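Residue-level structural notes
Chain by chain, the residues run as shown.
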Amino acid sequence: MKENVPVIYAAPLQGFTEVAWRNAHAQCLGGVDAYYTPFVRLEKGEIRNKDRRDVSPEENTVPRLVPQVIASDPEELKVLTDFLASQGYREIDVNMGCPFPLIVRRGKGAGILSSPEKVEALLEMMKVFPEIRFSVKMRLGGQDAEEWKALVPLLNRSCVTQVTLHPRIGKQQYKGAVDREAFRAFYEACERPLVYNGDLLTVADIREVLEAFPRLKGVMLGRGLLANPALAFRKGELSENELKARVAQMHRQMYLYYHRVIEGGEAQLLAKLKTCWEYLLPELDKKRRKAILKSNRLDGYLRAVEEALRG
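What counts and how
- Residues numbered from 1 in each chain as written.
- Predicted model: local features only at pLDDT ≥ 70, side-chain atom pairs only at ≥ 80, totals over all residues.
- Heavy atoms only, no water.
- Salt bridge = Lys/Arg side-chain N within 4 Å of Asp/Glu carboxyl O.
- Helix = DSSP H or I, 4+ residues; strand = E, 2+ residues; numbered from the N terminus.
- Axes fitted to C-alpha atoms, helices over the stretch in contact; angles between N-to-C directions.
- Parallel < 35°, antiparallel > 145°, perpendicular 65-115°, else oblique.
- Left-handed = near helix turned anticlockwise from the far one by under 90°.
- Contact = heavy atoms within 4.5 Å.
- Nonpolar A, V, L, I, M, F, W, Y, C, P; charged D, E, K, R; others polar.
- Expected span 1.5 Å × (residues − 1).
- Buried < 20%, exposed > 50% of the residue type's maximum accessible area, 1.4 Å probe, protein only.
- Polar contact = N/O pair within 3.5 Å; in protein donor to acceptor, adjacent residues only side chain to side chain.
- Pairing = 2+ DSSP bridges.
- Disulfide = S-S within 2.5 Å.
- Phe/Tyr/Trp six-rings, centres within 6.5 Å; stacked < 30°, edge-to-face > 60°.
- Core = buried A, V, L, I, M, F, W, Y, C linked by side-chain atoms within 4.5 Å.

A look at the pattern of salt bridges
One pass over the full model with this rule turns up 19 salt bridges. When the shortest N-O distance is used, the salt bridge between Lys 78 and Asp 82 registers 3.0 Å. Here Asp 82 and Lys 78 lie together in helix H3 (residues 74-86), a separation of four residues that amounts to about one turn. Of the charged contacts, one joins Glu 208 and Arg 180 as a salt bridge, the two residues approaching to 3.1 Å between their closest N and O atoms. One end of the pair, Glu 208, is in helix H8 (residues 203-212); the other, Arg 180, is in helix H7 (residues 180-189), and 28 residues separate them in sequence.

Concerning the packing of helix H12 (residues 286-294) against helix H13 (residues 298-308)
Packing of H12 against H13 leaves a shortest axis separation of 8 Å and a crossing angle of 160°. Taken together, H12 and H13 sit at an angle that is classed as roughly antiparallel. Like other packed secondary-structure pairs, H12 and H13 cross with a definite hand, here left-handed. Contact residues: Arg 288, Ala 291 and Ile 292 in H12; Tyr 301, Ala 304, Val 305, Glu 307 and Ala 308 in H13. Looking at the contact of H12 with H13 residue by residue, the class counts come to six nonpolar, no polar and two charged.

Considering H3
Every α-helical turn comprises 3.6 residues, leaving residues that sit three or four positions apart pointing alike. For H3, which comprises 13 residues, the first-to-last C-alpha distance of 18 Å matches the rise-based estimate of 18 Å (1.5 Å per residue) to within 8%. Every buried residue belonging to H3 is among Glu 76, Leu 77, Leu 80, Thr 81, Phe 83, Leu 84 and Ala 85, and all of these are buried. Looking at where H3 begins, the residue whose side-chain oxygen comes 3.1 Å from the main-chain nitrogen of Glu 75 is Asp 73. Trailing H3 by a residue or two, Gly 88 shows a phi angle of about 95°, which is positive.

Description of the packing of helix H1 (residues 19-28) against helix H10 (residues 240-261)
Between H1 and H10, the shortest axis-to-axis distance is 9 Å and the interhelical angle comes to 145°. Between H1 and H10 lies a crossing of right-handed hand. In this structure, H1 contributes Val 19, Ala 20, Trp 21, Asn 23, Ala 24, His 25, Gln 27 and Cys 28 to the contact, and H10 contributes Arg 246, Gln 249, Met 250, Gln 253, Met 254, Tyr 257 and Tyr 258. Classifying every residue of the contact of H1 with H10 gives nine nonpolar, five polar and one charged.

Topic: the sheet that holds strand S5 (residues 65-66)
With parallel pairing, nine strands are arranged side by side in an open sheet as S5-S2-S1-S11-S10-S9-S8-S7-S6. Two strands lie at the open edges of the sheet, namely S5 and strand S6 (68-69), each paired on one side alone. Bridging between strand S1 (residues 7-10) and strand S11 (residues 218-221) involves four bridges; their strand directions are parallel. Bridge pairing links Ile 8 to Val 219 in S11. With respect to the sheet, helix H6 (residues 148-156) is in contact with strand S8 (133-141) and strand S9 (162-169), its orientation differing from that of S8 by roughly 165°. Its contacts with the sheet put H7 on S8, S9 and strand S10 (194-197), and the angle it makes with S10 is roughly 170°.

Concerning the state of the cysteines
Taken as a whole, this structure holds zero disulfides when the rule is applied. In this model Cys 276 remains outside any disulfide bridge; the closest cysteine sulfur is found in Cys 28, 13 Å from its own.

Regarding the packing of aromatic side chains
This structure, assessed with the given rule, holds 11 aromatic pairs. Plain terms: the ring middles of Phe 16 and Tyr 279 are 5.1 Å apart, the flat faces sit at 65° to each other, and that makes the pair edge-to-face. Taken together, the residues Phe 16 in the loop between S1 and H1 and Tyr 279 in the loop between helix H11 (266-275) and H12 connect sequence positions 263 residues apart. Judged by relative accessible area, Tyr 279 falls into the partly exposed class, the value being 23%. Each ring, one from Phe 100 and one from Tyr 174, has its centre 6.4 Å from the other, and the planes form 55°; the classification is tilted. In this pair, Phe 100 is assigned in the loop between strand S7 (91-96) and helix H4 (101-105) and Tyr 174 in the loop between S9 and H7, connecting sequence segments 74 residues apart.

Regarding the nonpolar core
With 106 residues, the main nonpolar core has Leu 77, Met 96, Met 138, Phe 186, Leu 221, Tyr 258 and Trp 277 as its most contacted residues. Tallying contributions element by element places H10 first for this core, with eight residues. In this structure Met 96 touches Gly 109, Ala 110, Ile 112, Leu 113, Val 119, Leu 122, Val 136, Lys 137, Met 138 and Arg 139, once residues within four positions along its chain are discounted.

Okay, here's the thing in structure tokens:
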């Protein structure tokens, strides 16, 4: 892709944009320049098996995958980076924006943003890995929308290759409006390539942000892409029937993947498949959506999905 053409990234969302969704989306719709994984983390000093499988090069078929990690101290970041480097990755994103209270209370995600010295320690550890291109995904702050001001000088002199900013604070989670004015102030102060993330739900939203901030490297799509998997589609607008047909293909691929890897039986498989409907196709007929969500057997669920996505 040409350097002056804004890029489109698929954001990491825990529980939603796992390997099954990414592979299916890339194959059935695409338009995304890179997919970011939900964060890989240490639990009791070990990398979770679930995370290992999600970033496994053998499982992932997307053209470009950027694993994301979450850490509160340099040693944690080192362990995670060593693991991902051993898997062949040369790009890693560091999460400094997760707003969930359990994560924030541990000084991770948005919880690290009020501690510039901790952010600086992570940025220094990145220099130990000159072969890795690090990026950062962050918010304006954890508790205060001014916290970024102490962090921008650290980012500007760091080795990070890109910053993605979601212009909310952590304690908002996903509530309230994004703060475009604060984003503009960050945009003017940040010397690293910058990506906008947050409440991009339509093609018009994407255009508006790219026009308002012409120096942006690109945009990152999260919940908007989960709701409309064709949001990044670059081959012309899809009709409603075409979109449903492609979503049906995506769903089939996700079903086959989960059927292969989930060992907990039908109930666990059904629960996993139902998750995607939290965001997917919000304009879908309410009766058909209800039939999907009320299904308590796999065969009934698959029938309800087929009927809902029929042209």
